[in-house]
Amino acid sequence: MLKKIALNEPSLDIDEIKSVTKCIESNWISTAGELIKKFENKISNYTGAKYAIACMNGTCALQISLKILGVTKEDEVIVPTLTFISPISAVVLNNAKPIFMDVDNYHNIDCKKVIEFIKKQTLFKNGCTFNKKTKKRIKAIIVVHVWGNAVDLKKLIKLCKKKNILLVEDAAEGLGTKYKSSNLKNKHVGSIGVLGCLSFNGNKIITTGGGGMILTNNKFLSNKARYYINQAKDNSVYYIHNEIGFNYRMTNLQAALGLAQLNKLKLFLHKKKIINLMYKKYLGNLINLKILDNPKYSNNNNWMNILELSKNFPKSISQIINIFKKKNIDLRPVWKLNHTQRPFLKYEKYKISNASKIYSNSLCLPSSVNLKDSEIKKICKIISFISCEDQKYLKIK
């Protein structure tokens, strides 16, 4: 049987084995241990955020972020429709309502449409922004740095401050992505908003098996986040809890894995860049498709490579996926748009058009850091073959 080419698998070797083994031998494997703090400090230093709070996964990081910001059933939160479901679930789990927004050509939330919506469809009174249609307060906006592409935040930051809308960054896929533009130069995604969230799931650029991180520059919010992820303990000796909390902490065992992975982040970023350049090189002379470009205003981590097909491409998304499946190669469509998902049909959406186009013409290509040159060539040959109506594929040397 052909060896499977996975979409985005972790790169693990002897360093991770040694780190995890050492943790096991110490007997500190649960949600206490010095490695958790060490991992938090290293992430804090790398991202430039003053505080980093390790937790169970990226989804709970988002849920807790909205909770500590005081998001309630009286509120609405602006979200992109093209994203993994986590930020939308976080909104609903805090009993608030999402407002779905379109995305731009980098697959990120369309900041121009968000600004238009805020200026035309809301009113500002008593220090808060309210939706004219629903009369609900718009408490926050979650921007998602999709595929590791940084959201163009420059104008949105100013408007959010003016309108008292809290900016939360979902940087689950963004570790290693930094801005190049003047006012945000060298700022890491996730460190700019009131709160930011990272993920260390098995498919992310570094992994702890699961795991996530809340980033903030606000000490009060940092303390509040720790309080809620640790069962809201007011006294750990006598088990006093004055609020309902969550068991959302990261384990020392996960932190051990994360520390070994973090030491390789620079190498992983380099490999991801090479993979992206190879895809562009091998598919660059086909006129009916392209690899998604990176924003010019940021240094992208190239976490995932996205294939965009033109209208006249001879095969559908599902047909292409099935062709690759028979060859034991994992291709995926982008996520089903959240405003079309059954649990979210009742919520407001605003001028969504580009996201629908992206959903119908985009595919996620294998992007693991261990992807071999020969495997990339194989993938590109198959794509080239499919793309040519006369069934002649380009020769890739």
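What comes next is a walk through the structure.

Rules and cut-offs
- Residues numbered from 1 in each chain as written.
- Predicted model: local features only at pLDDT ≥ 70, side-chain atom pairs only at ≥ 80, totals over all residues.
- Heavy atoms only, no water.
- Helix = DSSP H or I, 4+ residues; strand = E, 2+ residues; numbered from the N terminus.
- Buried < 20%, exposed > 50% of the residue type's maximum accessible area, 1.4 Å probe, protein only.
- Contact = heavy atoms within 4.5 Å.
- Areas by Shrake-Rupley, 256 points an atom, 1.4 Å probe, with all protein chains shown as cover.
- Lys, Arg positive; Asp, Glu negative; His and termini not counted.
- Charge placed at Lys NZ, Arg CZ, Asp CG, Glu CD.
- Salt bridge = Lys/Arg side-chain N within 4 Å of Asp/Glu carboxyl O.
- Axes fitted to C-alpha atoms, helices over the stretch in contact; angles between N-to-C directions.
- Parallel < 35°, antiparallel > 145°, perpendicular 65-115°, else oblique.
- Left-handed = near helix turned anticlockwise from the far one by under 90°.
- Nonpolar A, V, L, I, M, F, W, Y, C, P; charged D, E, K, R; others polar.
- Patch = residues over 30% accessible without salt bridge, like charges linked within 9 Å, V, L, I, M, F, W, Y side chains within 5 Å.

## Some thoughts on the overall build of the protein
- Looking only at helices and strands, the protein features 12 helices and 16 strands.
- Taking the principal axes of its C-alpha atoms as reference, the protein extends roughly 70 × 60 × 40 Å.
- Counting all 397 residues of the protein, 55% fall into the buried class.
- Of all intrachain contacts in the protein linking residues separated by at least 6 positions in sequence, the fraction that spans at least 24 positions is 72%.
- Counting only carbon and sulfur atoms, one obtains 53% of the accessible surface of the protein, whose full area is about 18800 Å².
- In the protein, which carries 66 positive and 28 negative side-chain charges, the distance between the mean positions of the two groups comes to 3 Å.

## Notes on the pattern of salt bridges
- Applying the stated criterion to the full structure yields 12 salt bridges.
- Its salt-bridge partner being Lys264, residue Glu16 comes within 2.8 Å of it at the nearest N-O pair. Taken as a pair, Glu16 in helix 1 (residues 14-26) and Lys264 in the loop between helix 8 (252-262) and helix 9 (265-283) lie far apart in primary sequence, 248 residues in all. Each member of the pair, Glu16 as well as Lys264, carries the same accessibility label: buried.
- Its salt-bridge partner being Lys136, residue Glu74 comes within 3.9 Å of it at the nearest N-O pair. Of this pair, Glu74 sits in the loop between helix 3 (58-68) and strand 2 (75-80) while Lys136 sits in the loop between strand 5 (128-131) and strand 6 (137-144); the two residues are 62 residues apart in sequence, bridging distant segments of the chain.

## Comments concerning the packing of helix 3 against helix 4 (residues 86-93)
- One can describe the packing of helix 3 onto helix 4 by two numbers: an axis separation of 8 Å at closest approach and a directional angle of 40°. Comparing their axes, helix 4 and helix 3 come out oblique. Seen from above, helix 3 lies across helix 4 with right-handed handedness. Residues Thr59, Leu62, Gln63 and Leu66 of helix 3 pack against Ser86, Pro87, Ala90, Val91 and Leu93 of helix 4.
- When grouped by side-chain class, the residues that make up the contact of helix 3 with helix 4 number 6 nonpolar, 3 polar and no charged.

## Points about a positive patch on the surface
- Where like charges cluster on the molecular surface, the positive patch consists of Lys112, Lys119, Lys154, Lys155, Lys158 and Lys162.
- For the positive patch, the secondary-structure elements that each account for two or more residues are helix 5 (111-121) and helix 6 (154-163).
- Per-element tally for the positive patch: the top contributor is helix 6, with 4 residues.

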